[in-house]
Amino acid sequence: MRVEAEQLRAQLYTKEGEVKIVRENLARTEMDNTHLQEQLINQQTGAMAHSRQQEKELHAEIERLRTELVFTQHEAKAEAMAKVQMARAASTPRPVVAAARSGLDVRGVGLNGTPRNGTSSPTTYPSVEDFMSVPKTLPRSAATTETLTLTPSAHLLSSTSRFEQLGATVHLLLQAVNSLPEFRAAWLFGATEPPLSSGAELSCISQLSCAAGTALVGSIYTTAKMRTDSSESVVCSAAIGLLCQLLIRLIGLQPSAALSSEMWRGFSPSKLAQYFTRGLCLDGLLGVVGLLTTLIQVSPTTWGYLRGSPGDFERLLLAIMRRLQVASLANDALMLDGKRAFLVLIASAIVTHETDTPVLINSMRRFTMGMVQWFLDEHALLTRRRWAVADSERRVQVFFEYIKCLNVVLSEIKDVVVLLGGDNSPLFFGFVATCTRMTLGEGVFDGVAPIRELAGDLLAYVVTEDQAVSIQNLYI
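Residues numbered from 1 in each chain as written. Predicted model: local features only at pLDDT ≥ 70, side-chain atom pairs only at ≥ 80, totals over all residues. Heavy atoms only, no water.

Attention now goes to the overall build of the chain. Counting its secondary structure elements, the chain contains 21 helices and zero strands. Going through the 476 residues of the chain one by one, you find that 37% of them count as buried. Summarising the internal contacts of the chain: among those between residues at least 6 apart in sequence, 78% fall at separations of at least 24. Total accessible area on the chain is roughly 28400 Å²; 59% of this is exposed by carbon and sulfur atoms. (Helix = DSSP H or I, 4+ residues; strand = E, 2+ residues; numbered from the N terminus. Buried < 20%, exposed > 50% of the residue type's maximum accessible area, 1.4 Å probe, protein only. Contact = heavy atoms within 4.5 Å. Areas by Shrake-Rupley, 256 points an atom, 1.4 Å probe, with all protein chains shown as cover.)

Here you go:
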């Protein structure tokens with residue numbers, strides 16, 4: 001018996017040693033795996049940063065070429081019109097020459113055909129009698145008749161040309177504003193009130209901001225009547241984006257002066273919600289969202305409108321979400337940039353006005369449910385479609401930022417289960433199932449630990465820890 005006991009004790013020590021070795025190997029493997037995951041995340045971050053830099057450079061080059069094209073088109077039109085006018089002037093005989101050919105002495109005849117005063121001469125000004133004797137009705141000349149026949153097709157420019165000219169003008173104004181030393185100082189040092197003290201300069205900023213704001217609102221209203229992806233909507237949306245950039249620059253130079261006009265004191269962003277249609281392309285929508293973000297941060301008047309009317313603020317956010325969802329289904333090139341700008345808008349409202357956030361979010365339940373539904377739709381797109389590698393990485397990165405924003409929004413909700421319709425609602429089951437699959441590292445989320453942790457935080461809003469473990473066991 002003693003021998004058997006010693007043999008069993010030796011086997012126990014051997015197994016404990018083996019278990020210890022296995023645990024050490026497992027810990028070492030986990031450390032290596034953690035280092036590999038960190039290296040992978042760093043490589044992905046560097047690749048995405050390089051890709052974003054390349055995209056910015058390409059966008060800048062495209063804008064430069066587009067502006068150059070606009071100016072080239074204007075020069076060509078001006079040259080063609082000058083040639084037409086020269087040809088028309090050469091083909092139309094002068095009245096004096098025509099009268100001389102007919103044998104009339106026009107130098108001695110008044111404007112109404114009566115003889116001039118004998119003291120008058122071609123080298124002196126006409127007398128009072130000459131002006132008083134002008135007949136009430138004059139015969140229409142050949143040149144006037146010719147001009148009237150061209151009027152229906154040439155007296156107005158097309159809307160596309162008008163918006164091209166508007167975009168070119170705003171682009172020049174942007175270059176002028178960006179060249180100001182005060183703007184560069186504000187951009188470098190983050191000064192909110194750069195040293196612009198001259199009354200003339202402040203008045204110029206106020207007038208320019210008022211004119212740009214008026215043109216912006218009118219252009220946004222015009223896009224509601226345009227067809228999707230038409231040449232008019234593309235040019236008009238580009239002009240809207242440039243106007244928003246100009247306004248953001250002016251607000252950065254001197255917020256109090258830029259927003260001092262009556263136009264901005266009475267501006268309500270919620271009125272624009274009904275005009276966010278497909279006629280407004282994403283480059284214009286990106287500019288509008290960026291401008292709204294700036295106004296929420298620096299304009300107490302704008303925030304007062306939105307805070308005082310949560311329903312209007314909710315309609316504005318839902319209108320932006322619907323336009324971005326349309327772009328997502330169409331796989332628009334600027335769709336991810338639009339979603340990121342929208343998240344920045346929400347974050348600005350939450351962070352800048354933190355004390356108003358709980359009341360405002362609980363008053364906008366449709367918006368919160370829309371955020372949850374958008375979360376489910378984006379998850380379905382990422383897991384059921386096969387995107388290109390670069391596209392998939394960018395989508396996952398934006399989705400990660402979206403989950404962080406949704407986490408902050410849901411943290412202010414008093415009861416998320418009630419918001420989702422109760423324990424038996426399809427939205428509740430879909431939310432729980434999606435978060436559970438993400439915590440287990442589903443598909444494109446496998447190996448992305450931050451997203452899995454955030455999904456666990458979302459799941460904690462609707463189920464307990466024991467319930468979460470039981471649900472996860474169903475998927476394993």
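So much for the structure itself; the text now carries on.
At a minimum axis distance of 15 Å, the contact between helix H14 (residues 335–352) and helix H16 (residues 365–384) shows a crossing angle of 150°. Judged by the angle between their axes, H14 and H16 are roughly antiparallel. The handedness of the crossing between H14 and H16 is left-handed. Between H14, through Lys 339, Phe 342 and Ile 346, and H16, the contact on the second element is made entirely by Phe 367, Met 371, Trp 374 and Glu 378. Broken down by class, the residue content of the contact of H14 with H16 amounts to five nonpolar, no polar and two charged. (Axes fitted to C-alpha atoms, helices over the stretch in contact; angles between N-to-C directions. Parallel < 35°, antiparallel > 145°, perpendicular 65-115°, else oblique. Left-handed = near helix turned anticlockwise from the far one by under 90°. Nonpolar A, V, L, I, M, F, W, Y, C, P; charged D, E, K, R; others polar.)

Nonpolar side chains tend to gather and get buried jointly when the protein is soluble and globular. Counting 101 residues, the largest nonpolar core has Phe 313, Phe 342, Phe 375 and Val 462 as its most contacted members. Per-element accounting of this core gives the leading share, 11 residues, to helix H8 (residues 231–253). Non-local contacts of Phe 375, meaning those with residues more than four positions away in its chain, are made with Phe 399, Tyr 402, Ile 403, Leu 406, Phe 431, Thr 434, Cys 435, Met 438 and Leu 458. (Core = buried A, V, L, I, M, F, W, Y, C linked by side-chain atoms within 4.5 Å.)

On to the packing of helix H19 (residues 426–439) against helix H20 (residues 449–460), then. At a closest axis distance of 8 Å, the pairing of H19 and H20 adopts a crossing angle of 150°. On the basis of their axis angle, the class for H19 and H20 is roughly antiparallel. Here H19 and H20 pass one another in a crossing that is left-handed. Residues Phe 431, Val 432, Cys 435, Thr 436, Met 438 and Thr 439 of H19 form the contact with H20, whose participating residues are Ile 451, Arg 452, Ala 455, Gly 456, Leu 458 and Leu 459. By residue class, the composition of the contact of H19 with H20 is eight nonpolar, three polar and one charged.

Now for helix H12 (residues 300–308). Burial in H12 covers these residues: Thr 302, Trp 303 and Leu 306. Seen along its axis, H12 keeps its buried residues to an arc of 95°; they face one direction. For H12, exposure combined with an orientation more than 90 degrees from the buried face picks out Pro 300 and Gly 308. (Arc of directions from axis to C-beta.)

This part is about empty space enclosed by the protein. In the structure shown here, the tally under the stated rule is three cavities of 30 Å³ or more. Empty space within the largest cavity amounts to approximately 110 Å³. Lining the largest cavity are 13 residues, and of these Ile 346, Ala 349, Ile 350, Ile 361 and Met 364 lie nearest its centre. Elements that contribute at least two residues to the lining of the largest cavity include exactly helix H13 (310–329), H14 and helix H15 (357–362). Here the lining of the largest cavity is built from residues that sort into 11 nonpolar, two polar and no charged. In this structure, the second largest cavity spans a volume of roughly 70 Å³. Together, Leu 336, Lys 339, Leu 343, Trp 374, Glu 378, Arg 395, Val 398, Phe 399 and Tyr 402 line the second largest cavity. (1 Å grid on protein atoms, 1.4 Å probe; cavity = no way out; pocket = protein on both sides within 12 Å on 5 of 7 lines; lining within 4 Å. Points joined across faces, edges and corners; volume = space filled by probe spheres on them.)

The subject of this paragraph is the pattern of salt bridges. For the structure on display, the rule yields seven salt bridges. For Arg 340, the salt bridge identified is with Asp 337, shortest N-O distance 3.7 Å. One end of the pair is Arg 340 and the other is Asp 337, both in helix H14 and three residues apart, which spans about a single turn. By relative accessible area, which is 22% here, Asp 337 ends up partly exposed. (Salt bridge = Lys/Arg side-chain N within 4 Å of Asp/Glu carboxyl O.)

Quick look at the environment of Gln 254 now. When you line up the elements, Gln 254 lands in the loop between H8 and helix H9 (255–258). Of the residues examined, Gln 254 reaches a relative accessible area of 4% and is grouped as buried. On a C-alpha basis, the gap between Gln 254 and Glu 201 in space is 10.0 Å, while along the polypeptide they are 53 residues apart.

Before going further, it helps to spend a moment on the confidence of the model for the chain. Within the chain, residue pLDDT values average 75, and 74% of them lie at 70 or more. Residue range residues 93–157 is modelled with pLDDT below 50. Its contacts to residues more than four positions away, or to other chains, number 26 contacts. This model gives residues 184–194 a pLDDT under 50, and the stretch forms 16 contacts once residues within four places in sequence are excluded. (pLDDT = per-residue confidence, 0-100.)

Attention now moves to the packing of aromatic side chains. In this structure the tally under the stated criterion is eight aromatic pairs. Ring centres of Trp 374 and Tyr 402 lie 5.3 Å apart, and the angle between their planes is 65°; on these two criteria the pair is classed as edge-to-face. Placement of the pair is Trp 374 in helix H16 and Tyr 402 in helix H17 (residues 389–411), with a sequence separation of 28 residues. By the burial criterion, Trp 374 is buried, and Tyr 402 matches it. In this structure an aromatic cluster arises from ring pairing among Phe 342, Trp 374 and Tyr 402. (Phe/Tyr/Trp six-rings, centres within 6.5 Å; stacked < 30°, edge-to-face > 60°.)

Here the focus is the state of the cysteines. For the structure on display, the rule yields zero disulfides. Cys 281 takes part in no disulfide bond, and the closest cysteine sulfur, belonging to Cys 236, lies 8.8 Å away. (Disulfide = S-S within 2.5 Å.)

Turning our attention to the side chain of Asn 407. One can find Asn 407 in helix H17. A relative accessible area of 14% means that Asn 407 is categorised as buried. Among the polar contacts made by the side chain of Asn 407, one reaches the side chain of Tyr 461 at a distance of 2.6 Å. (Polar contact = N/O pair within 3.5 Å; in protein donor to acceptor, adjacent residues only side chain to side chain.)

Another point: the side chain of Asn 362. By secondary structure assignment, the location of Asn 362 is in helix H15. Overall, the relative accessible area of 19% leaves Asn 362 in the buried class. Side-chain polar atoms of Asn 362 contact the backbone oxygen of Pro 358, separated by 2.7 Å. A distance of 2.9 Å separates a polar atom in the side chain of Asn 362 from the backbone oxygen of Glu 412. Excluding its chain neighbours within four sequence positions, the residues that come into contact with Asn 362 are Glu 412, Ile 413 and Lys 414.

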